[in-house]
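Descriptive analysis of the structure
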Amino acid sequence: MRQYAIRRLLMMIPVFIGVFIIVFGLVHTTPGDPYMSMLSPDLTDADREVMLKAIGYYDPLPVKYVKWVSRALQGDLGYSIRYKEPVTHVISRRIGSTLLLSVISLILSVIIAVPLGIISATKQYSIFDYIATILALIGISIPAFFFALSLVKVLSFDLGLFPISGMETIGAGFTGMKRFLDILHHMMLPIIVLTFIHTASLMRYTRSAMLEIIQQDYVRTARAKGLSEKTVIYKHALRNAMIPITTLITLSLGYLLSGAVLTETVFVWPGMGTLLYQAVSNRDYPLITSVTLLLAICVLFSNLLADIIYAIIDPRIRYD
Amino acid sequence: MNKKLLSTLLIAAIITMIFTGCGSNQTTSNDKNDGQSAANNSKPSILRMASDSSPSGVFNPALIQDQYNGYITDLVYEALVIMNDDIQYEPALAERWEISDDSQSITFYLRKNVKWHDGKPFTAEDVKFTYEFIAHPDYPGSKSSFISAISGFKDFNEGKSKSLEGIEIIDDYTVKIKTDGVYAPFLDKICFQIKIIPKHVWEKVEVSKSIEATDLLRNPIGTGPFKFKEFSPDRYTIVEKNEDYWAGIPKLDSIVIQVVNPETVQAQMLNGEIDYLLLLNINPDDMKTYLDAGFKQLQINFTGFQHMAINNDNPILGHKAVRQAFAHAINRQGIVDSLLYGYGNVANTAYIPSFWAYPGEDKLNPYEYNPEKAIEILTKEAGWQYKDGKMYVDGKPLKLTLTYPSGNKVRELSAPIIQENFKNIGIELELQMMEFPTASARLKKGEFELGLVGHGLGADADARRHFHTDSIGVANNSSRYSNPELDKLLEEGVKYLEVEKRKPIYHEAAILINEEMPTIFLYNGSGAVIMSPKLNGVKTTGLSTFYDIHNWYFK
């Protein structure tokens, strides 16, 4: 097992380098430059060139790459062109607000989706199953921004229950408990959107995993043995169904940091999603590459984790 | 059994959380109001402004790169002069100025009662420092071309001299600025556009490192009506009134500029979360909603034009007859009517009708919408062939590509109209929308056939950046147009300081531009400020967003 984990860890290195070279190349060969969207009509090209030279824009791609990698290896991710401060500062300020949304919505969706999926599967073709399936299909197919805007319209604008955007009441100067409640209030809508969307796909997945298991022979055997339906479902079937579900949940850990670009943008939530969007539209090269690097690491590690967990919880799997 | 209990508890906890969340927030907002009234007797007047993008935190007016940082620096800093709502210059940090007889230098008499926000006095040293900061060889910003007309700029900029020769401190409160030759946009570029920064703050960092001095950049010290208070990137910026402001204490207590989502900002306005919103494009449905809800509006004219750039380097397109025919072919009045809803007009030259350089409607060819006439010009003058509803050039059917950036809604929507109009004269137009930086890069490099773009002129009539031969590929002459006659007029126009002397030159230029159609002018759009019915005294213009802001008030 340990050997497997180490081997798996080493395999990540070339994958990581590959991902990184591709991203680095794509980012730097996109047309445009960081000062292209500056709106001053009076900016001359000579001035622009001086500014671009200062940030190393004219360096050949391999030179940029070597410069960046050698600095990154020393823990220096560079200086954000847009924010004029170290990339690590910019990112660390956003991670918290994104995790706040993504962790809570992930937990909520697991709590909601897994039981619903199981019930749906055990009561296949019941009214409950139909309603759950329809809701899940809506959740899967509805575009996040549309759902978010509809919620804003109904819950915030018509009913006035929640603030329309932002993370807290600006200028109110709340502290302690009041601030906590204020943030909680602002969080509700984005959490509802993210949870609904996660729940939908996770529930569908749970349902089909469960259905597949229920139809297997050993479940019939268990029933034939005279075990109660509860024991059959929760003790025998669920355990096996949980294997793919756990994998799916573990894999989604990798996306916790990336934030939901659309949802964050709609609610002007100051997280990683809006940051990445801003970075790309401003061609903030150090920031784009660093954020991507971070996300790649997360995804790779969650994959690793999923593989290891898989090996642990499924005794049929042997890696050596 | 345990697990079941656990999940029930969790669900119960979540439900409580949701309800306590809503419930307590109502009480917190009540508390807030109580707190305010207790502290201040009357509610502090906070102006909440919407901004669709966040400033990046570069709050040094000499180093700013976009209007979002500009909003903040406009509130915190001031220039020697300011432009009022009649497009006239008014005293700001200089209480008066004198133009020399040869029109090459201006002596500024500075106000004596001005203090920086940290309490230090403002003097002529700060003025000199600001201009030397921008002229410095290592200056990392984008404003040096504004002041390059100042005498001795080149030597100082190349490190050959120790001080900027054209700036002379006569005494603590008198400073004389001299240019090489007469520089027409003197008051605009050198005075109005350059906000003065404090010497005692910025001399502490090397000029080359100033752009990385995050601490100083994010704690700006100015002389303006509002002091910087707090900045949270991608969320909001707060400024509060400057009690020592030379023109009197501002009537607003503080201003919150918050980042909003353009899709939901209307709901925020109607909910009373936002008091002031600057719209660059106007949608009549939105406008009606605002007006029905009792909001006030103020129309804003921008000095600039939206146009369809035409690549004059292209052997097929680079002819006057082609450009004139295209102007006739596009239903520009239709675009103004259907997309701008009256907030704008068809453009036929570089200047907007309310600007002094505009020669008058009767002197300009209106290029009315007329596809037949367009076809006639193309076949008779450009030598193209029109057969069975198709336009042929050298025997081949003509197919063109229209490149344009996404983002500006009106511009995006005008593209298919133009495509339809071109179909009527037998030309197939392929639409190519791309994100802004990509489209700009293509237009600049001349890698396009037709392109939609907007250009601003600022406060001065000087249009060399848009139409002069030297501006091809380096500035805004996207159409790559070159005409020695126009070059001469535009050069002549900047040789005088007095508007009266410049007027005839620019009128002539405007008429020539109208006749030549160096680029296909489309429309002049105007925007609007939507504001709370309680907000009074607002004098926003397209060139001076916060003019007279210390007199804005809530009633």
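Residues numbered from 1 in each chain as written. Chains lettered and ligands numbered in written order. Predicted model: local features only at pLDDT ≥ 70, side-chain atom pairs only at ≥ 80, totals over all residues. Heavy atoms only, no water.

In this section: a nonpolar patch on the surface. A surface patch of nonpolar side chains, amounting to about 760 Å² of accessible area, comprises Tyr125, Ile127, Tyr130, Ile131, Ile134, Leu135 and Ile138 of chain A. Looking at Leu135 of chain A, the relative accessible area reads 44%, which means it is partly exposed. (Patch = residues over 30% accessible without salt bridge, like charges linked within 9 Å, V, L, I, M, F, W, Y side chains within 5 Å. Areas by Shrake-Rupley, 256 points an atom, 1.4 Å probe, with all protein chains shown as cover. Salt bridge = Lys/Arg side-chain N within 4 Å of Asp/Glu carboxyl O. Buried < 20%, exposed > 50% of the residue type's maximum accessible area, 1.4 Å probe, protein only.)

Glancing now at the nonpolar core. All names here are of chain B. Leu80, Phe108, Leu110, Tyr131 and Ile255 are the most contacted members of the largest nonpolar core, which has 78 residues in total. When residues in this core are grouped by element, the largest group, 7 residues, is from helix H3 (residues 124-135). What Phe108 contacts, discounting residues up to four positions off in sequence, is Leu80, Val81, Ala94, Arg96, Trp97, Tyr173, Thr174, Val175, Ile177, Phe186, Leu187 and Cys191. If you look at the next biggest cluster of nonpolar residues, it comprises 66 residues, including Leu317, Ala357, Ile377 and Ile505. (Core = buried A, V, L, I, M, F, W, Y, C linked by side-chain atoms within 4.5 Å. Helix = DSSP H or I, 4+ residues; strand = E, 2+ residues; numbered from the N terminus. Contact = heavy atoms within 4.5 Å.)

Quick look at helix H2 (residues 67-76) of chain B now. All names here are of chain B. Most of H2 is tucked away: 8 of the 10 residues are buried. Inspection of H2 places Tyr68, Asn69, Gly70, Tyr71, Ile72, Thr73, Leu75 and Val76 among the buried residues, and these make up the whole buried set. Turning to H2, the residues buried within the fold contact strand E1 (46-51), strand E8 (226-232), strand E9 (236-241), strand E10 (254-259) and strand E11 (276-279).

Let us look at unusual backbone geometry. Glycine aside, a negative phi is what most residues show, and trans is what most peptide bonds show. Residue and element names in this part refer to chain B. Notably, Asp234 is not glycine yet its phi reads approximately 65°, a positive angle. Its location among the elements puts Asp234 in the loop between E8 and E9. Asp234 gets classed as buried once you look at its relative accessible area, which sits at 6%. Residue Asp548 is not a glycine yet carries a positive backbone phi of 65°. Structurally, the position occupied by Asp548 is in the loop between strand E22 (535-536) and strand E23 (553-554).

Moving on, we come to the interface of chain A and chain B. Of the residues lining the interface, 52 residues belong to chain A; the matching set on chain B comes to 62 residues. For the pair chain A and chain B, the two sides together bury roughly 5000 Å², of which 60% comes from carbon and sulfur. There are 5 salt bridges connecting chain A and chain B. For Arg218 of chain B, the salt bridge identified is with Glu85 of chain A, shortest N-O distance 3.1 Å. Where chain A touches chain B, the interface holds 14 residue pairs in polar contact (both at pLDDT 80 or more). Of all the secondary-structure elements, those providing two or more residues to the side of chain A that touches chain B are helix H2 (45-54), helix H4 (87-122), helix H6 (144-158), helix H7 (176-214), helix H10 (261-266) and helix H11 (272-281) of chain A. (Buried area = accessible area lost by both parts, 1.4 Å probe. Polar contact = N/O pair within 3.5 Å; in protein donor to acceptor, adjacent residues only side chain to side chain.)

All names here are of chain B. Residues at a pLDDT of 70 or more form 92% of chain B, whose mean pLDDT is 88. Low pLDDT, under 50, characterises residues 11-41; the predicted model gives this stretch 24 contacts beyond four residues in sequence or across chains. Across the interface, the model reports ipTM at 0.76; the global pTM reads 0.78. (pLDDT = per-residue confidence, 0-100.)

Next up on the list: the pattern of salt bridges. Residue and element names in this part refer to chain A. What the rule picks out here adds up to 36 salt bridges over all chains. Salt-bridge contacts for Glu168 lead to Arg179; the nearest nitrogen and oxygen are separated by 2.8 Å. Linking Glu168 in the loop between H6 and H7 with Arg179 in helix H7, this pair joins segments that are 11 residues apart in sequence. On the basis of relative accessibility, which here comes to 14%, the residue Glu168 falls in the buried class. Residue classification places Arg179 among the partly exposed positions, given a relative accessible area of 36%.

Take the sheet that holds strand E5 (residues 105-110) of chain B next. Residues and elements named next belong to chain B. In space, the 4 strands of this open sheet follow the order E4-E5-E7-E6, with antiparallel pairing throughout. Two strands close off the open sheet at either side, each with one partner strand: strand E4 (94-99) and strand E6 (167-171). If you compare each strand with its neighbour and ignore which way they point, the axes differ by 20° on average. (Pairing = 2+ DSSP bridges. Axes fitted to C-alpha atoms, helices over the stretch in contact; angles between N-to-C directions.)

Turning to the sheet that holds strand E16 (residues 390-393) of chain B, a few remarks are in order. Read from one edge to the other, the open sheet built from 3 strands follows the order E15-E16-E17 (chain B), with strand pairing classed as antiparallel. Looking at which strands have only one partner, the edges of the open sheet turn out to be strand E15 (385-387) and strand E17 (396-397) of chain B.

On a regular strand, each side chain points to the face opposite its neighbour's, so the side chains alternate between the two faces of the sheet. Residue and element names in this part refer to chain B. Within E5, 6 of the 6 residues are buried, which leaves the element mostly enclosed by the surrounding structure. Alternating residues of E5 divide into Ser105, Thr107 and Tyr109 and Ile106, Phe108 and Leu110, and every residue in both groups is buried. Two successive antiparallel strands, E4 and E5, enclose a turn made up of 5 residues, where Ser103 displays a positive phi of approximately 60°. Looking at chain direction, E5 and strand E7 (residues 174-178) are connected through 5 bridges and run antiparallel. Considered in E7, the bridge of Phe108 is made with Val175.

What follows concerns the pairing of E6 of chain B. Residue and element names in this part refer to chain B. Of the strand pairs in this sheet, E6 and E7 are connected by 4 bridges, and their pairing is antiparallel. Residue pairing for E7: Ile169 is matched across the bridge by Val175. In sequence, E6 turns back onto E7 through a hairpin of 2 residues.

Following the criterion strictly, the structure yields 29 aromatic pairs over all chains and no others. Ring plane angle 70° and centroid distance 5.9 Å describe the contact between Phe133 of chain B and Tyr139 of chain B, whose orientation is recorded as edge-to-face. Relative accessible area serves as the criterion here: at 2%, Phe133 of chain B is assigned to the buried category. Ring pairing ties together the aromatic residues Phe16, Phe20, Phe24, Tyr65 and Trp68 of chain A, which thus form one cluster. Just above the ring of Tyr285 of chain A sits the side chain of Lys64 of chain A; from NZ or CZ to the centre is 5.9 Å. (Phe/Tyr/Trp six-rings, centres within 6.5 Å; stacked < 30°, edge-to-face > 60°. Lys NZ or Arg CZ within 6 Å of the ring centre and 35° of its normal.)

Residues and elements named next belong to chain B. Along the chain, Ile177 falls in strand E7. By relative accessible area, which is 0% here, Ile177 ends up buried. Taking the C-alpha atoms as reference points, Ile177 and Arg464, 287 residues apart in sequence, are found 23 Å from one another. When neighbours within four sequence positions are excluded, Ile177 is seen to be in contact with Leu80, Gln104, Ser105, Ile106, Phe108, Tyr131, Ile150, Gly166, Ile167, Phe186 and Ile190.

Residues and elements named next belong to chain B. Running from amino to carboxyl end, helix H11 (residues 320-329) crosses helix H13 (residues 371-380) at an angle of 165°, the nearest separation of the two axes being 8 Å. The angle between the axes of H11 and H13 places the two elements in the roughly antiparallel class. Along this stretch, H11 crosses H13, giving a crossing that reads as left-handed. Mapping the contact onto sequence places Ala321, Val322, Ala325, Phe326, His328 and Ala329 in H11 and Pro371, Lys373, Ala374, Ile377 and Leu378 in H13. (Parallel < 35°, antiparallel > 145°, perpendicular 65-115°, else oblique. Left-handed = near helix turned anticlockwise from the far one by under 90°.)

Residue and element names in this part refer to chain B. In this structure, His455 sits in strand E20 (residues 450-456). When its relative accessible area of 11% is taken as the criterion, His455 is described as buried. A distance of 3.1 Å separates a polar atom in the side chain of His455 from a polar atom in the side chain of His307.

A few words now on the side chain of Thr541 of chain B. Among the secondary structure elements, Thr541 of chain B is positioned in the loop between E22 and E23. Other than its neighbours up to four places away in sequence, Thr541 of chain B contacts Asn84, Asp85 and Ile300 of chain B.

On to helix H5 (residues 127-141) of chain A, then. Residues and elements named next belong to chain A. Taking 1.5 Å as the rise per residue, H5 with 15 residues should run 21 Å; its terminal C-alpha atoms sit 21 Å apart, in good agreement. The complete set of buried residues in H5 reads Asp129, Ala132, Thr133, Ala136 and Gly139. One side of H5 holds all its buried residues, which, seen down the axis, span an arc of 125°. Those residues of H5 that are exposed and aimed more than 90 degrees away from the buried face are Ile127, Ile134 and Ser141. Contact partners of the buried residues in H5: H4 and H7. (Expected span 1.5 Å × (residues − 1). Arc of directions from axis to C-beta.)

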